[in-house]
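Structure at a glance
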Amino acid sequence: MSLKIYMNGKIIDEKQAKISIFDHGLLYGDGVFEGIRSYGELVFRLKEHIDRLYESAHTIMLKIPVSKQQMTAAVIATLRANKLKDAYIRLVVTRGEGDLGLDPRKCPKATVFIIADKIALYPDRFYKQGLKIVTVPTQRSSAETLNPQVKSLNYLNNILAKLEAINAGAEEAIMLNAQGHVAECSGDNIFIIKKGVLLTPHISMGALKGITRQAVLDIASKSGMSVKEDVLTRHDLFNADECFLSGTAAEIVPVVKIDGRVIGNGLPGATTLKLLLNFRKLTKIDGVRY
Ligand code: PXG
């Protein structure tokens, strides 16, 4: 069955959804995107995703040709057109068609498209056994180079890190910043639990302000746990009681080994699993209905 795609104001068949070879999203990775999830018929934290998309676009001086309200309606229209209940939604805005030069002024109109498809869930063993992850040589780009806060179409920094993790036989890559402090993973934020305190790298360490990350911080604070956005080293990770990753696709996934060091008792942590349970409860109530 072919998917229905939202493209520049219309819902069309995926076979008709084509991008120009002169689109600067392709030629230069010049554009922004979001990965969003719906649970049942609720789009999880849609407003936060739309806000982040427009902030990313603002920073790269990319004018999105539709309002936030229209974009929200477009996401919902795409989900309805595909009759999807549990879905993964990819929202993409590129600089649009231009010439072969870098100059964004040569691209008069941004390209907007939305793909909604069935969600490809992570294997169950990731949650039951936990992940083995490694730190990788590729540093997270700094705010002064390519700010990790901008969810841009230029993901090579993260892809290089992912390749290095795969080459090492690991499932995710921990990226450090130029100071050697923990920033985040190639497509997820990272958390540890130490003596009952929930810790995650401060955004200034070079992390994307993850929407799942914020949900985890909200859930933990509400349950009375102390939470701290901090400076974390590999030593802090190795000696944590528990470790997990957060992201739209992953939700909350336990980590049991980092660079060969066993974390805690080597099994998914009890607090991690409780947070995952509470996160899944939240996804059933916190969202925009369609
Ligand atoms: N850090 C980075 C670098 C990300 O790309 C996250 C953290 C988690 O953020 P959210 O808002 O999702 O909690 C992301 C987002 C994939 C995939 O297919 C993952 C992301 C983006 C695009 C695709 O695994 N992660």
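In this text the structure is predicted, and so the values were computed from the model without any measurement. Sequence order as written defines the numbering, with residues in each chain counted from 1. Only residues with pLDDT of at least 70 get local features here, since the model is predicted, and only at 80 or more are side-chain atom pairs given and counted; chain-wide, interface and lining totals rely on the full set of residues. The basis for the side-chain values is all heavy atoms of the structure; hydrogens and waters are excluded.

Glancing now at the side chain of Asn-177. Only DSSP runs of H or I covering at least 4 residues are called helices, and only runs of E covering at least 2 are called strands; the numbering of each starts at the N terminus. For Asn-177, the location among the structural elements is in the loop between β8 (172-176) and β9 (182-185). Contacts described as polar in this section are N or O atom pairs within 3.5 Å, which, within protein, must combine one atom able to donate a hydrogen with one able to accept it, while residues neighboring in sequence count only if both atoms come from side chains. Here Met-205 takes part through its backbone oxygen, which lies 3.0 Å from a polar atom of the side chain of Asn-177. In what follows, residue pairs with any heavy atoms lying within 4.5 Å of each other are defined as contacts. Apart from residues lying up to four places away in sequence, Asn-177 is in contact with Gln-139, Arg-140, Ala-183 and Met-205.

The next subject is the pairing of strand β6 (residues 111-118). Looking along a regular strand, one sees side chains alternate from face to face of the sheet. At least two DSSP bridges between two strands are required for those strands to pair. Bridge count for strand β1 (residues 4-7) against β6 is two bridges, and the pairing is antiparallel. Opposite Met-7, over in β6, you have Phe-113 as the bridge partner. As paired strands, strand β5 (residues 87-94) and β6 are joined by eight bridges and run antiparallel to one another. What sits directly across from Val-93, in β6, is Val-112.

This part covers the sheet that holds strand β16 (residues 287-289). A sheet is described by the order of its strands in space; here seven strands give the open sequence β2-β1-β6-β5-β3-β4-β16, paired in antiparallel fashion. Bordering the open sheet on either side are β2 (10-13) and β16, each of which pairs with just one other strand. Here the average twist between neighbouring strands, direction ignored, is 30 degrees. Axis definition: a line fit to C-alpha positions, over the contact stretch in the case of helices; interaxial angles, taken between N-to-C directions, run 0 to 180 degrees. Along the sheet face, helix α3 (residues 68-81) touches β1, β2, β3 (31-39), β4 (42-44), β5, β6 and β16 and points at about 40 degrees away from the line of β6. Here helix α9 (residues 270-283) sits on the sheet and contacts β3 and β4; the angle it forms with β4, its principal contact strand, is near 130 degrees.

Looking now at the packing of aromatic side chains. Two aromatic rings from Phe, Tyr or Trp, using only the six-membered ring of Trp, form a pair when their centres are within 6.5 Å; if the ring planes differ by under 30 degrees the pair is stacked, by over 60 it is edge-to-face, and anything between is tilted. All told, the structure shown has five aromatic pairs when counted by the stated rule. Here the aromatic rings of Phe-33 and Tyr-155 are separated by 5.2 Å at their centres, their planes lie at 75 degrees, and the arrangement is edge-to-face. Residue Phe-33 is found in strand β3, and its partner Tyr-155 is found in the loop between α5 (143-146) and α6 (156-167); the two are separated by 122 residues along the sequence. Both rings, one in Tyr-122 and one in Phe-126, keep their centres 5.7 Å apart while their planes meet at 80 degrees; by these two values the pair is edge-to-face.

What follows is about helix α7 (residues 211-222). Expected helix span is taken as 1.5 Å per residue step, with the number of steps being one fewer than the number of residues. The end-to-end C-alpha distance of α7, which contains 12 residues, comes to 17 Å, matching closely the 16 Å that a straight helix rising 1.5 Å per residue would cover. Any residue under 20% of the maximum accessible area for its type is buried, any over 50% is exposed, and the rest in between are partly exposed; the area is computed with a 1.4 Å probe on protein chains only. Along α7, the residues classified as buried are Ile-211, Thr-212, Arg-213, Ala-215, Val-216, Leu-217, Ile-219 and Ala-220. Backbone geometry just downstream of α7 places Gly-224 in the positive-phi region, at approximately 90 degrees.

Turning our eyes to something else, we now look at the site of the ligand. Neighbouring residues are identified by heavy atoms, a residue being near a molecule or strand if any of them is within 4 Å of it. Among the 21 residues in the neighbourhood of the ligand, the closest are listed as Tyr-155, Glu-184, Ile-211, Thr-212 and Thr-248. A distance of 2.6 Å separates an oxygen atom of the ligand from a polar atom in the side chain of Thr-212. Measuring from an oxygen atom of the ligand, one finds a side-chain N or O atom of Thr-248 at 2.5 Å. Residue-level accessible areas treat just the shown protein chains as cover; the underlying method is Shrake-Rupley with a 1.4 Å probe. In the complex, the protein chains occlude 85% of the 550 Å² of accessible area that the ligand would expose alone. For the shell around the ligand, the secondary-structure elements that each account for two or more residues are β5, α7 and β13 (242-247). Split by residue class, the shell around the ligand holds six nonpolar, nine polar and six charged. Side-chain classes follow a simple rule in which Ala, Val, Leu, Ile, Met, Phe, Trp, Tyr, Cys and Pro form the nonpolar group, Asp, Glu, Lys and Arg form the charged group, and the remainder, Gly included, forms the polar group.

So, about the domain arrangement of the chain. An automatic or database domain assignment supplies the start and end points of every domain. Taken domain by domain, the chain consists of domain 1 (4-117) and domain 2 (124-282). Taking the mean C-alpha position of each, domain 1 and domain 2 sit 27 Å from one another. Summed over both partners, the accessible area lost on bringing two parts together, with a 1.4 Å probe, is the buried area. Around 1,600 Å² of area is buried between domain 1 and domain 2 when both sides are counted, 64% of it from carbon and sulfur atoms. If you sort the residues of domain 1 by the area they bury against domain 2, Phe-33, Arg-45 and Arg-52 come out on top, with a joint share of 37%. The rule for a salt bridge is simple: a side-chain nitrogen of Lys or Arg has to be within 4 Å of a carboxyl oxygen of Asp or Glu. Inspection of the region where domain 1 meets domain 2 yields two salt bridges. One salt bridge in this structure joins Asp-218 and Arg-45, with 3.1 Å as the shortest N-O distance. Connecting domain 1 to domain 2 are nine residue pairs in polar contact (both at pLDDT 80 or more).

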